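Below are the chains, spelled out letter by letter.
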Amino acid sequence: MTVDTLQSQQQLIIRQRVRLMVNQYEIHAVNQDGQEAGILAFAQQKRMAFKEQVTLYTDDTKQVPVFGFKARQRIDLGATYDVTDANGAPIGQFKKIFKESLIRSTWRLEQPGFGEMVGRETNQLVAILRRFVESLSWLPYHFDFVLADRPVFSVVKKWGLRDRYVVTIHDPRVDRRLVAAMSVALDALQAR
(Lines give C-alpha, C1' and ligand atoms only; values in the text may rest on other atoms or scores of the structure.)
Protein backbone atom coordinates (compact mmCIF):
# COMPACT_ATOMS: atom_id res chain seq x y z
CA MET A 1 0.00 0.00 0.00
CA THR A 2 1.08 3.53 -0.67
CA VAL A 3 -0.32 6.56 1.08
CA ASP A 4 -1.43 7.90 -2.33
CA THR A 5 -3.49 4.76 -2.95
CA LEU A 6 -5.16 5.10 0.44
CA GLN A 7 -5.78 8.84 -0.06
CA SER A 8 -7.60 8.18 -3.35
CA GLN A 9 -10.23 5.94 -1.73
CA GLN A 10 -13.83 7.07 -1.35
CA GLN A 11 -14.82 3.98 0.61
CA LEU A 12 -13.00 1.46 2.83
CA ILE A 13 -13.94 -1.88 4.32
CA ILE A 14 -12.39 -2.79 7.66
CA ARG A 15 -12.46 -6.36 8.93
CA GLN A 16 -11.44 -7.48 12.37
CA ARG A 17 -9.50 -10.74 12.49
CA VAL A 18 -10.53 -13.10 15.25
CA ARG A 19 -7.56 -13.55 17.61
CA LEU A 20 -7.51 -14.44 21.30
CA MET A 21 -4.83 -12.12 22.62
CA VAL A 22 -4.66 -9.20 20.22
CA ASN A 23 -6.89 -6.99 18.07
CA GLN A 24 -6.00 -7.14 14.37
CA TYR A 25 -7.70 -5.38 11.47
CA GLU A 26 -7.49 -5.47 7.67
CA ILE A 27 -8.27 -2.29 5.77
CA HIS A 28 -9.44 -2.95 2.21
CA ALA A 29 -10.07 -0.80 -0.83
CA VAL A 30 -13.51 -0.94 -2.45
CA ASN A 31 -14.10 -1.55 -6.18
CA GLN A 32 -16.39 0.59 -8.35
CA ASP A 33 -19.15 -2.01 -7.84
CA GLY A 34 -18.88 -1.72 -4.04
CA GLN A 35 -17.06 -5.03 -3.55
CA GLU A 36 -14.04 -5.50 -1.32
CA ALA A 37 -10.74 -5.16 -3.17
CA GLY A 38 -7.10 -5.51 -2.13
CA ILE A 39 -5.71 -4.88 1.32
CA LEU A 40 -4.48 -1.33 1.91
CA ALA A 41 -3.22 -1.70 5.47
CA PHE A 42 -3.03 -4.11 8.39
CA ALA A 43 -3.46 -2.90 11.97
CA GLN A 44 -2.45 -4.50 15.23
CA GLN A 45 -3.11 -3.22 18.71
CA LYS A 46 -0.02 -3.35 20.90
CA ARG A 47 -0.30 -5.99 23.63
CA MET A 48 -0.08 -5.18 27.33
CA ALA A 49 0.95 -1.56 26.75
CA PHE A 50 0.81 1.10 29.46
CA LYS A 51 -0.59 3.40 26.80
CA GLU A 52 -3.00 2.21 24.13
CA GLN A 53 -1.23 1.96 20.78
CA VAL A 54 -2.20 0.66 17.34
CA THR A 55 0.25 0.51 14.43
CA LEU A 56 -0.90 0.19 10.81
CA TYR A 57 1.42 -1.61 8.40
CA THR A 58 1.44 -2.14 4.64
CA ASP A 59 0.38 -5.78 5.18
CA ASP A 60 0.18 -8.56 7.77
CA THR A 61 3.92 -9.30 7.65
CA LYS A 62 4.23 -6.15 9.82
CA GLN A 63 7.53 -5.23 8.17
CA VAL A 64 6.68 -1.68 7.03
CA PRO A 65 4.75 0.63 9.38
CA VAL A 66 2.75 3.34 7.61
CA PHE A 67 0.97 5.22 10.42
CA GLY A 68 -0.62 4.63 13.80
CA PHE A 69 -2.19 6.11 16.88
CA LYS A 70 -1.15 6.19 20.51
CA ALA A 71 -2.68 7.53 23.73
CA ARG A 72 -0.94 10.52 25.26
CA GLN A 73 -1.56 9.23 28.76
CA ARG A 74 -2.10 5.87 30.41
CA ILE A 75 -5.46 4.21 29.89
CA ASP A 76 -7.99 6.85 30.77
CA LEU A 77 -11.63 7.54 29.93
CA GLY A 78 -10.73 10.91 28.41
CA ALA A 79 -7.43 10.03 26.75
CA THR A 80 -6.33 11.92 23.65
CA TYR A 81 -4.87 9.79 20.86
CA ASP A 82 -2.26 11.19 18.49
CA VAL A 83 -2.24 9.89 14.92
CA THR A 84 1.21 10.02 13.33
CA ASP A 85 2.87 8.83 10.15
CA ALA A 86 5.66 6.23 10.12
CA ASN A 87 8.24 8.94 10.96
CA GLY A 88 6.23 10.30 13.90
CA ALA A 89 4.97 13.41 12.09
CA PRO A 90 1.48 14.42 13.28
CA ILE A 91 -1.54 13.65 11.10
CA GLY A 92 -4.22 14.52 13.65
CA GLN A 93 -5.77 13.51 16.93
CA PHE A 94 -8.98 12.16 18.42
CA LYS A 95 -10.62 11.89 21.81
CA LYS A 96 -13.76 10.27 23.18
CA ILE A 97 -15.95 12.83 24.92
CA PHE A 98 -16.82 10.99 28.11
CA LYS A 99 -19.83 13.00 29.33
CA GLU A 100 -21.57 13.02 25.93
CA SER A 101 -20.73 9.33 25.49
CA LEU A 102 -22.71 8.17 28.51
CA ILE A 103 -25.81 7.79 26.34
CA ARG A 104 -24.44 7.96 22.79
CA SER A 105 -20.72 7.61 21.99
CA THR A 106 -19.21 10.87 20.81
CA TRP A 107 -15.69 11.54 19.50
CA ARG A 108 -13.81 14.69 18.56
CA LEU A 109 -11.37 14.33 15.70
CA GLU A 110 -8.99 17.02 14.54
CA GLN A 111 -6.92 17.34 11.37
CA PRO A 112 -4.51 20.30 11.27
CA GLY A 113 -5.66 22.92 8.74
CA PHE A 114 -9.01 21.18 8.29
CA GLY A 115 -10.83 21.68 11.57
CA GLU A 116 -12.48 19.76 14.35
CA MET A 117 -14.96 17.05 13.46
CA VAL A 118 -17.51 15.52 15.80
CA GLY A 119 -18.59 11.91 15.37
CA ARG A 120 -21.48 10.31 17.19
CA GLU A 121 -23.69 7.27 17.00
CA THR A 122 -26.71 8.08 14.88
CA ASN A 123 -29.21 5.76 16.59
CA GLN A 124 -29.72 6.66 20.24
CA LEU A 125 -31.90 3.59 20.96
CA VAL A 126 -29.23 1.19 19.67
CA ALA A 127 -26.61 3.10 21.66
CA ILE A 128 -28.59 2.73 24.88
CA LEU A 129 -29.34 -0.95 24.27
CA ARG A 130 -25.66 -1.73 23.58
CA ARG A 131 -24.66 -0.05 26.86
CA PHE A 132 -27.25 -1.33 29.26
CA VAL A 133 -28.14 -4.80 27.92
CA GLU A 134 -24.89 -6.77 27.89
CA SER A 135 -26.29 -9.48 25.60
CA LEU A 136 -26.92 -6.80 22.94
CA SER A 137 -23.43 -5.27 22.92
CA TRP A 138 -22.90 -6.91 19.48
CA LEU A 139 -25.54 -4.71 17.82
CA PRO A 140 -24.23 -2.88 14.76
CA TYR A 141 -23.82 0.87 14.92
CA HIS A 142 -23.47 3.86 12.64
CA PHE A 143 -21.28 6.91 13.27
CA ASP A 144 -21.42 10.13 11.28
CA PHE A 145 -18.46 12.53 11.53
CA VAL A 146 -19.32 16.12 10.67
CA LEU A 147 -17.52 19.45 10.45
CA ALA A 148 -19.84 22.42 11.02
CA ASP A 149 -22.85 20.21 10.13
CA ARG A 150 -21.22 19.07 6.86
CA PRO A 151 -20.70 15.30 6.55
CA VAL A 152 -17.02 14.30 6.38
CA PHE A 153 -17.18 10.50 6.71
CA SER A 154 -19.31 7.74 8.18
CA VAL A 155 -18.54 4.36 9.73
CA VAL A 156 -21.17 1.62 9.70
CA LYS A 157 -20.68 -1.64 11.59
CA LYS A 158 -22.35 -4.43 9.61
CA TRP A 159 -24.09 -7.58 10.84
CA GLY A 160 -21.98 -10.74 10.79
CA LEU A 161 -19.96 -13.24 12.76
CA ARG A 162 -16.83 -11.10 12.42
CA ASP A 163 -16.78 -7.34 12.93
CA ARG A 164 -16.94 -5.62 9.56
CA TYR A 165 -17.14 -1.87 8.94
CA VAL A 166 -17.97 0.11 5.83
CA VAL A 167 -16.37 3.55 5.85
CA THR A 168 -17.62 6.16 3.38
CA ILE A 169 -15.67 9.38 2.82
CA HIS A 170 -17.88 12.35 1.92
CA ASP A 171 -15.28 15.14 1.98
CA PRO A 172 -12.23 14.55 -0.26
CA ARG A 173 -10.06 16.88 1.87
CA VAL A 174 -9.98 14.60 4.92
CA ASP A 175 -6.79 12.58 5.39
CA ARG A 176 -7.68 8.92 4.89
CA ARG A 177 -5.02 7.86 7.39
CA LEU A 178 -6.91 9.78 10.06
CA VAL A 179 -10.20 8.23 8.89
CA ALA A 180 -8.71 4.72 8.97
CA ALA A 181 -7.20 5.27 12.43
CA MET A 182 -10.49 6.58 13.83
CA SER A 183 -12.42 3.71 12.25
CA VAL A 184 -10.13 1.09 13.80
CA ALA A 185 -10.31 2.95 17.13
CA LEU A 186 -14.10 2.74 17.10
CA ASP A 187 -13.75 -1.03 17.45
CA ALA A 188 -10.56 -1.22 19.52
CA LEU A 189 -11.53 1.49 22.03
CA GLN A 190 -15.34 1.65 21.90
CA ALA A 191 -15.95 -0.26 25.13
CA ARG A 192 -13.82 2.16 27.15
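See the structure printed just above.
Residues numbered from 1 in each chain as written. Predicted model: local features only at pLDDT ≥ 70, side-chain atom pairs only at ≥ 80, totals over all residues. Heavy atoms only, no water.

Draft legend 1. Representation of the nonpolar core within the structure. Counting 45 residues, the largest nonpolar core has Phe69, Phe94, Met117, Phe145, Phe153 and Met182 as the members making the most contacts within it. Element by element, the count of residues in this core is highest for helix α3 (residues 176-189), at ten residues. Beyond its immediate stretch of four places on either side in the chain, Phe145 contacts Trp107, Leu109, Val118, Gly119, Arg150, Pro151, Val152, Phe153, Val155, Met182 and Leu186. (Core = buried A, V, L, I, M, F, W, Y, C linked by side-chain atoms within 4.5 Å. Buried < 20%, exposed > 50% of the residue type's maximum accessible area, 1.4 Å probe, protein only. Helix = DSSP H or I, 4+ residues; strand = E, 2+ residues; numbered from the N terminus. Contact = heavy atoms within 4.5 Å.)

Draft legend 2. Just the pattern of salt bridges, in detail. According to the stated counting rule, one finds nine salt bridges in the structure shown. Between Glu36 and Arg15 there is a salt bridge, and its shortest N-O distance comes to 2.7 Å. Within this pair, whereas Glu36 is found in strand β3 (residues 36-45), its partner Arg15 is found in strand β1 (residues 11-17), the two being separated by 21 residues in sequence. For Glu36, a relative accessible area of 30% gives the class partly exposed. Residue Asp163 pairs with Lys157 through a salt bridge whose shortest N-O separation is 3.6 Å. (Salt bridge = Lys/Arg side-chain N within 4 Å of Asp/Glu carboxyl O.)

Draft legend 3. Quick peek at the pairing of strand β5 (residues 65-71). Summarising burial for β5: five of the seven residues are buried, a large majority. Note that strand β4 (residues 53-57) and β5 share five bridges and pair antiparallel. Looking at β5, one finds that Gln53 is bridged to Lys70. Strand direction decides the pairing type here: β5 and strand β6 (residues 80-85), joined by five bridges, are antiparallel. Directly across from Phe69, in β6, lies its bridge partner Val83. (Pairing = 2+ DSSP bridges.)

Draft legend 4. Quick peek at the side chain of Gln44. By secondary structure assignment, the location of Gln44 is in strand β3. Judged by relative accessible area, Gln44 falls into the buried class, the value being 16%. A distance of 2.7 Å separates a polar atom in the side chain of Gln44 from a polar atom in the side chain of Gln24. Setting aside its immediate chain neighbours within four residues, Gln44 contacts Val22, Asn23, Gln24, Gln53, Val54, Thr55 and Lys62. (Polar contact = N/O pair within 3.5 Å; in protein donor to acceptor, adjacent residues only side chain to side chain.)

Draft legend 5. Just the sheet that holds strand β11 (residues 150-158), in detail. With antiparallel pairing, twelve strands are arranged side by side around a closed barrel as β1-β2-β3-β4-β5-β6-β7-β8-β9-β10-β11-β12. Recorded for the sheet is a direction-independent mean angle of 20° between the axes of neighbouring strands. (Axes fitted to C-alpha atoms, helices over the stretch in contact; angles between N-to-C directions.)

Draft legend 6. Focus on the side chain of Asp175. Relative to the assigned elements, Asp175 resides in the loop between β12 (164-169) and α3. Residue Asp175 is classed as buried on the basis of its relative accessible area of 11%. At a separation of 2.7 Å, a polar atom in the side chain of Asp175 contacts the side chain of Arg177. Excluding residues within four positions of it along the chain, Asp175 makes contact with Gln7, Ile91 and Gln111.

Draft legend 7. Spatial organisation of the pairing of strand β2 (residues 24-30). With respect to burial, β2 is a largely interior element, seven of its seven residues being buried. Summarising the sheet, β1 and β2 pair through six bridges and their orientation is antiparallel. The partner of Gln16 across the bridge, within β2, is Tyr25. Hairpin connection between β1 and β2: a loop of six residues separates the two successive antiparallel strands. Count of turn residues in the β2/β3 antiparallel hairpin: five residues, of which Gly34 carries a positive phi of about 85°.

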